[in-house]
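The chain contents come next:
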Amino acid sequence: MLFDLEIQVYLDALWETAYMTLVSTLFVFVLGLLWGAFLYGTDQHGLWENRTVYKIVSVITSALRSVPFLILIVLLIPVTRVLVGTILGPTAALPALILGATPFYARIVEIALHETGNDLKETGLSFGATKLQVLFRILIPESLPALIRGITVTAIAITGYTSIAGAIGAGGLGNLAYLYGYARNRILVTVASTVLIALLILALQVIGDLLVKKLSKTS
Amino acid sequence: MIRIERVSKQYASSKDEIALNDVSTTFESGLIHGIIGISGAGKSTLIRLLNKLESYEQGNIQIFDYTDLRLLNQESTRMLRKRIGMIFQSDHLLSRKTVLENVLFPIALHRKVTPSDTEYARSLLQEVGLSDYASRYPAQLSGGQRQRVGIARALIQKPDLLLCDEPTSALDVMTTSQILQLIQSTARRHHLDVIIVTHDLNVLREICDTVTVMDKGRIIESGKLDEILYKAKQPETQAFTKQIGLDLGTLKNQFPIEELLLLKFEEEIVHQSIVSEMIQTLGVSISIVFANVSPNKKGTMVLHAPKKQTEIIAFLKERKVGVDHVV
Ligand SMILES: Nc1ncnc2c1ncn2[C@@H]1O[C@H](COP(=O)(O)OP(=O)(O)OP(=O)(O)O)[C@@H](O)[C@H]1O
Ligand SMILES: [Mg+2]
């Protein structure tokens, strides 16, 4: 027991939060990479430069980023119901988490690819590489440390989102902190949940830093 | 041979200026060609047209057996690029691959790397003096060493043409000289045509056979190295020859042009003793108004010889020194 609740309740909540964070981070990593690569590719000096397409996608990206997360969840309720079959529980939170964080990560990817730069693009083309090879075999591998740092920041932001989702029915530590802690006026439960979230975030940061360190061994 | 005919190029993003303006020239096979010009003259643009890193709107380019570069589809463009090695001002190496992996990378893009590829890559590394560095990462190399890796990498696909865009601008004088010698020796060994872009005449003087001078998107002068170095007609070209201490414009103002003699030392001869011997034997008074000679390289001198010119010319020719009037 911890502050009138079974330890198991905390562990379950921690697991739910970790599940929501990790699964959506995985999706965000892949989707954001493609989305960001698309932004980079269509922008000026990109591989498939096309200003009109870039501007359209860029506006959509910014627009999605500016929707408050709580509103995004509500807006996505019909979609979630079709995709997941329910609007309650951790899995039901995934569509909103993924859609909320992907544009954020896409921008990070876009910047990272730009920084890796034009030079390597030209070098690759001069070997006779295709544009897709330049993207996937040169630019993305070269940007990997920045991409990993970016996904760490994104994962931490997603952890924050999960607590908002938790408060309106997705479960997890946010749910615990709000429903059991705040709503029933048991401040210590809220504190314990918060500490657990902080530990989770710390763990994410440590993992991210280790990965980056491992990748940067070559310099 | 590369033939460029009346090519014009304008970048979409800079509508008010023309990057290449009706440029025509040819680059003969088997030679090292230099392109010189101030910043923004269009040098990089010109060589980037050759492997289609840039497109052009007007004119025609013939290279290898391609009669019109504009007609190439994506596949043929990639075939063309494999035949053209390119090295840049900075090395553009992949930071997360070893030196050996970097050299092999162009091949790895197209097919599986075979043991014989690796063997060839190692022989190239040996050629550029980096046999012991195969498993290092680029960050563990000096700038000159990185540029050498870039050279080895540019040679891995056995190209016919090597394009160098300011390959030594980021290097110190000693390293520059070494890299240039390396480019020259590899060009000979691998039967490569080379085009080098620079804004430093010393680079051209060291290894180039021909020089093309560009200014404001045009070719303003081109010819054999010596013609450009010592007989430059355009003021823009003369601005470059000042870099090597030869200020033809000023010399021509100071002395009557027919009294200036241009001496070329082709072989290893002791220049000083020839000149002093000549002064004693012929009893002439001359002054050396320009000299660019080093003990083991060919060199050039400009003499001011107001009198006895025929005797001087005969004396020097007898000793296998090239003599010419400054034009
Ligand atoms: N990608 C580009 N987009 C728009 N304009 C360009 C681009 N690249 C070059 N230019 C313009 O074309 C002209 C020629 O440029 P180029 O790079 O060929 O000059 P350069 O002789 O190589 O100069 P430098 O010695 O500085 O490298 C310049 O006026 C430049 O501003
Ligand atoms: Mg340039």
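Residues numbered from 1 in each chain as written. Chains lettered and ligands numbered in written order. Predicted model: local features only at pLDDT ≥ 70, side-chain atom pairs only at ≥ 80, totals over all residues. Heavy atoms only, no water.

Participant: Can you help me understand the packing of aromatic side chains in this one?
Facilitator: Within a pair of aromatic rings, the relevant descriptors are the distance that separates the centres and the angle that separates the planes. Counted according to the given criterion, the structure contains five aromatic pairs over all chains. Between the aromatic rings of Phe127 of chain A and Phe105 of chain B, the centroid separation amounts to 6.2 Å while the plane-to-plane angle is 70°, which identifies the pairing as edge-to-face. With Phe127 of chain A in the loop between helix 5 (90-126) and helix 6 (131-170) and Phe105 of chain B in helix 3 (residues 99-110), this residue pair bridges two chains. No difference in accessibility class separates Phe127 of chain A from Phe105 of chain B, as the two residues are buried. (Phe/Tyr/Trp six-rings, centres within 6.5 Å; stacked < 30°, edge-to-face > 60°. Helix = DSSP H or I, 4+ residues; strand = E, 2+ residues; numbered from the N terminus. Buried < 20%, exposed > 50% of the residue type's maximum accessible area, 1.4 Å probe, protein only.)

Participant: What is the right way to read helix 5 (residues 143-155) of chain B from this model?
Facilitator: Note on helix geometry: an α-helix contains 3.6 residues per turn, so any two residues three or four positions apart are oriented the same way. Residue and element names in this part refer to chain B. Given a rise of 1.5 Å per residue, 13 residues ought to cover 18 Å, and the 19 Å separating the end C-alpha atoms of helix 5 matches this to within 8%. In terms of burial, helix 5 is largely enclosed, as eleven of its 13 residues are buried. Taken residue by residue, helix 5 has Gly144, Gln145, Gln147, Arg148, Val149, Gly150, Ile151, Ala152, Arg153, Ala154 and Leu155 as its buried positions. (Expected span 1.5 Å × (residues − 1).)

Participant: It is not clear to me how a nonpolar patch on the surface should be interpreted in this structure. Could you clarify?
Facilitator: Residues and elements named next belong to chain A. A contiguous nonpolar surface patch, about 1100 Å² in accessible area, is contributed by Leu2, Phe3, Ile7, Leu11, Ile187, Leu188, Val191, Val195, Leu199, Leu202, Val206 and Leu210. Sorting the residues of the nonpolar patch by element identifies helix 1 (7-42) and helix 8 (187-215) as the ones contributing at least two each. Among the elements that take part in the nonpolar patch, helix 8 stands out by supplying eight residues, more than any other. Secondary-structure assignment places Leu210 in helix 8. With a relative accessible area of 56%, Leu210 lands in the exposed category. (Patch = residues over 30% accessible without salt bridge, like charges linked within 9 Å, V, L, I, M, F, W, Y side chains within 5 Å. Areas by Shrake-Rupley, 256 points an atom, 1.4 Å probe, with all protein chains shown as cover. Salt bridge = Lys/Arg side-chain N within 4 Å of Asp/Glu carboxyl O.)

Participant: Whenever I open this one, the site of ligand 1 confuses me. Can you help?
Facilitator: Residue and element names in this part refer to chain B. With respect to spatial proximity, 14 residues lie near ligand 1, and among them Ser39, Gly40, Lys43, Ser44 and Thr45 are the closest. Within the contact set of ligand 1, an oxygen atom lies 2.5 Å away from a side-chain nitrogen or oxygen of Ser39. In this structure, Ala41 approaches ligand 1 through a main-chain N or O atom, which is 3.1 Å from an oxygen atom. Expressed as a share of its isolated accessible area of 630 Å², the protein-covered part of ligand 1 is 70%. Across the shell around ligand 1, the residue classes break down as four nonpolar, seven polar and three charged. (Near = heavy atom within 4 Å. Polar contact = N/O pair within 3.5 Å; in protein donor to acceptor, adjacent residues only side chain to side chain. Nonpolar A, V, L, I, M, F, W, Y, C, P; charged D, E, K, R; others polar.)

Participant: Which parts of the structure should I look at to understand the sheet that holds strand 7 (residues 193-198) of chain B?
Facilitator: Strand pairing within a sheet occurs via backbone hydrogen bonds; the two strands may be parallel or antiparallel. All names here are of chain B. Spatial strand order, 5-6-7-3-8-9: six strands in an open sheet with mixed pairing. Single-partner strands in this sheet number two, and they are strand 5 (84-87) and strand 9 (218-224). Adjacent strand axes in the sheet meet at a mean angle of 15° when their direction is disregarded. Pairing of strand 8 (residues 210-215) with strand 9, which is carried by six bridges, proceeds in the antiparallel orientation. Of the residues in strand 9, the one forming a bridge with Thr210 is Lys224. (Pairing = 2+ DSSP bridges. Axes fitted to C-alpha atoms, helices over the stretch in contact; angles between N-to-C directions.)

Participant: I keep staring at the nonpolar core and nothing clicks. Help me out?
Facilitator: Generally speaking, soluble globular proteins have nonpolar side chains that are buried together. Membership of the largest hydrophobic core comes to 65 residues, with the highest contact counts inside it found for Ile4 and Ile195 of chain B. The leading source of residues in this core is helix 5 of chain A, at twelve residues. Once residues lying within four places of it in the same chain are set aside, the contact partners of Ile195 of chain B are Ile2, Phe27, His33, Ile35, Ile47, Leu50, Leu161, Leu162, Leu163 and Cys164 of chain B. With 55 residues, the next largest nonpolar core counts Ile32, Leu171, Ala187 and Leu251 of chain B among its residues. (Core = buried A, V, L, I, M, F, W, Y, C linked by side-chain atoms within 4.5 Å. Contact = heavy atoms within 4.5 Å.)

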